[in-house]
Amino acid sequence: MVRNIAGLLPELETEDFYLLSGVEQGMRFSEWVQREKLTNFSGLTPEEVDYRLERCLKRGLVEKKTIQYEGYTLQFEGYDTLALRALVESDTISEFGSPLGVGKESDVYEVKSYKPLALKYHREGYTNFREVHKERDYTADNEHVSWMYTARKAAEREHDILESLYPDVSVPQPIGQNRHAIVMEKMDGVELSQTKLEDEQVQGVLDLLLAELARAYEIGYVHADMSEYNVFVSESGVKIFDWPQAVPTDHENATTFLQRDLQNLVGYFRRKYPNHVPDDLESDRVADAIVDGSFESIADFV
């Protein structure tokens, strides 16, 4: 887990952010930015660069490495700091709260503005960059990428997809985005994997989820990573989150991904509620109905 850096913001000065932004700019060309080049990238004098580097090194925002030259790179905490400051300055958020969830590819925190919101930092590529770079469509065509680029592209992609889907599909409302961070509506309810539905609720909740996936397909997207871990269930209904890996419906593997999503979802309900999911509910048939636009409810398959 990358640490919460919200408490650092009051300690940092404007010139510290110039230095961090300078390292960020230099990383477009090289993972390790040569110390001598930071003067041009940051707009600071050599003496000021030296002073700001020491401050940022002390706070774990940058890392130093001596190779053929003395180089510096952003730590994820440094990238977090740049994104958080931008979101605060744009009045997107005003307060930083407690962690809401920590995963392999993202950290989510409660934040506040005019209402409670959620701030999601994308972490794709930070610990398994080569694997993510190979598998994700939004990096596969770019040979000169870093964890920073990978995480930013994931955030941009997810934010764009949420904007396309909301409000027609029950997804978190997107509020803002900067670098690898997204601000979105804070979801009510409980993760589906942690929910124990009443017998009479099982088919209704599954029906809701299938209908949401059908609407997403109609708009033009397949989730492509559907599971019980990216659904929230509340009294008001369901909400599907984690969309950065979604593919457009004209993707060559869209139908395969849709079938896999439905197998995961129906399979989960069948394992957890074996007496309440009809045997006739076959995920491939549901996929066919979604693709041809005829899906209405589970009742059509039993």
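Refer to the structure printed above.
Residues numbered from 1 in each chain as written. Predicted model: local features only at pLDDT ≥ 70, side-chain atom pairs only at ≥ 80, totals over all residues. Heavy atoms only, no water.

(A) Spatial organisation of the overall build of the protein. Within the protein, the regular secondary structure consists of 10 helices and 13 strands. Its C-alpha atoms give the protein principal-axis dimensions of about 75 × 40 × 30 Å. The buried share of the protein, reckoned over its 302 residues, is 51%. In the protein, the share of contacts with a sequence separation of at least 24, taken over all contacts with a separation of at least 6, comes to 62%. Per element, the accessible surface of the protein, about 14800 Å² overall, is 43% carbon and sulfur. Computing the positive centroid from 32 side-chain charges and the negative centroid from 56, the protein places the two 7 Å apart. (Helix = DSSP H or I, 4+ residues; strand = E, 2+ residues; numbered from the N terminus. Buried < 20%, exposed > 50% of the residue type's maximum accessible area, 1.4 Å probe, protein only. Contact = heavy atoms within 4.5 Å. Areas by Shrake-Rupley, 256 points an atom, 1.4 Å probe, with all protein chains shown as cover. Lys, Arg positive; Asp, Glu negative; His and termini not counted. Charge placed at Lys NZ, Arg CZ, Asp CG, Glu CD.)

(B) Quick look at the pairing of strand β12 (residues 237-240). Inspection of the sheet shows strand β11 (residues 231-234) paired to β12 by four bridges, in the antiparallel sense. Within the sheet, the bridge partner assigned to Ser-234 lies in β12 and is Gly-237. Counted between consecutive antiparallel strands, the loop separating β11 from β12 contains two residues. (Pairing = 2+ DSSP bridges.)

(C) Quick peek at the sheet that holds strand β1 (residues 33-34). Across the sheet, three strands lie side by side as β1-β3-β2; this open sheet has antiparallel pairing. Strand pairing shows two members of the sheet lacking a second neighbour, β1 and β2 (62-66), which therefore form its edges. Pairing of β2 with strand β3 (residues 70-74) involves five bridges; the strand directions are antiparallel. Paired with Glu-63 across the two strands is Thr-73, which belongs to β3. Lying over the sheet, helix α1 (residues 14-26) contacts β1, β2 and β3, oriented at roughly 100° with respect to β3. (Axes fitted to C-alpha atoms, helices over the stretch in contact; angles between N-to-C directions.)

(D) Here's a closer look at the side chain of Arg-55. Within the secondary structure, Arg-55 is located in helix α3 (residues 46-58). Of note is the side chain of Arg-55, whose polar atom sits 2.8 Å from the side chain of Asp-16. Excluding residues within four positions of it along the chain, Arg-55 makes contact with Glu-11, Leu-12, Glu-13 and Asp-16. (Polar contact = N/O pair within 3.5 Å; in protein donor to acceptor, adjacent residues only side chain to side chain.)

(E) Summary view of α1. In this model, α1 (13 residues) spans 19 Å end to end at C-alpha, consistent with the 18 Å of a helix rising 1.5 Å per residue. Asp-16, Phe-17, Leu-19, Leu-20, Gly-22, Val-23, Glu-24 and Gly-26 are the residues of α1 that are buried. (Expected span 1.5 Å × (residues − 1).)

(F) Quick look at the environment of Tyr-273. Along the chain, Tyr-273 falls in the loop between α9 (254-272) and α10 (283-292). Its relative accessible area of 2% is what places Tyr-273 among the buried residues. Beyond its immediate stretch of four places on either side in the chain, Tyr-273 contacts Thr-195, Lys-196, Leu-197 and Val-202. One polar contact links the side chain of Tyr-273 to the main-chain amide nitrogen of Leu-197, over a distance of 3.0 Å.

(G) Structural view of the sheet that holds strand β4 (residues 95-102). Read across the sheet, five strands follow the order β4-β5-β6-β8-β7 without closing on themselves; strand pairing throughout is antiparallel. Each edge of the open sheet carries a strand with a single partner, namely β4 and β7 (174-178). Neighbour-to-neighbour, the strand axes of the sheet open up by a mean angle of 25°, direction not taken into account. On top of the sheet, helix α7 (residues 147-165) reaches β6 (116-122), β7 and β8 (181-185); it is set at about 160° to β7, its chief contact.

(H) Structural context of the side chain of Thr-73. Structurally, Thr-73 can be placed in strand β3. Assessed through its relative accessible area of 5%, Thr-73 is described here as buried. At a separation of 2.9 Å, a polar atom in the side chain of Thr-73 contacts the main-chain carbonyl oxygen of Glu-31. With residues near it in sequence (within four places) discarded, Thr-73 still touches Val-23, Met-27, Glu-31, Trp-32, Val-62 and Glu-63.

(I) Region of the structure containing the nonpolar core. Leu-209, Trp-243, Leu-265, Phe-269 and Phe-295 are the most contacted members of the largest nonpolar core, which has 50 residues in total. Listing elements by their share of this core, those giving two or more residues are α7, β8, α8 (202-219), β10 (221-222), β11, β12, α9 and α10. With 10 residues, the single largest contributor to this core is α8. Counting residues domain by domain, this core receives three or more from each of domain 2 (93-186) and domain 3 (190-300). When sequence neighbours within four positions are dropped, the list of residues in contact with Phe-269 reads Leu-192, Leu-197, Val-202, Val-205, Leu-206, Leu-209, Pro-274 and Val-277. The next biggest cluster of nonpolar side chains, apart from the first, holds 36 residues, and it includes Leu-38, Val-49, Ala-151 and Ala-181. (Core = buried A, V, L, I, M, F, W, Y, C linked by side-chain atoms within 4.5 Å. Domains from an automatic or database assignment.)

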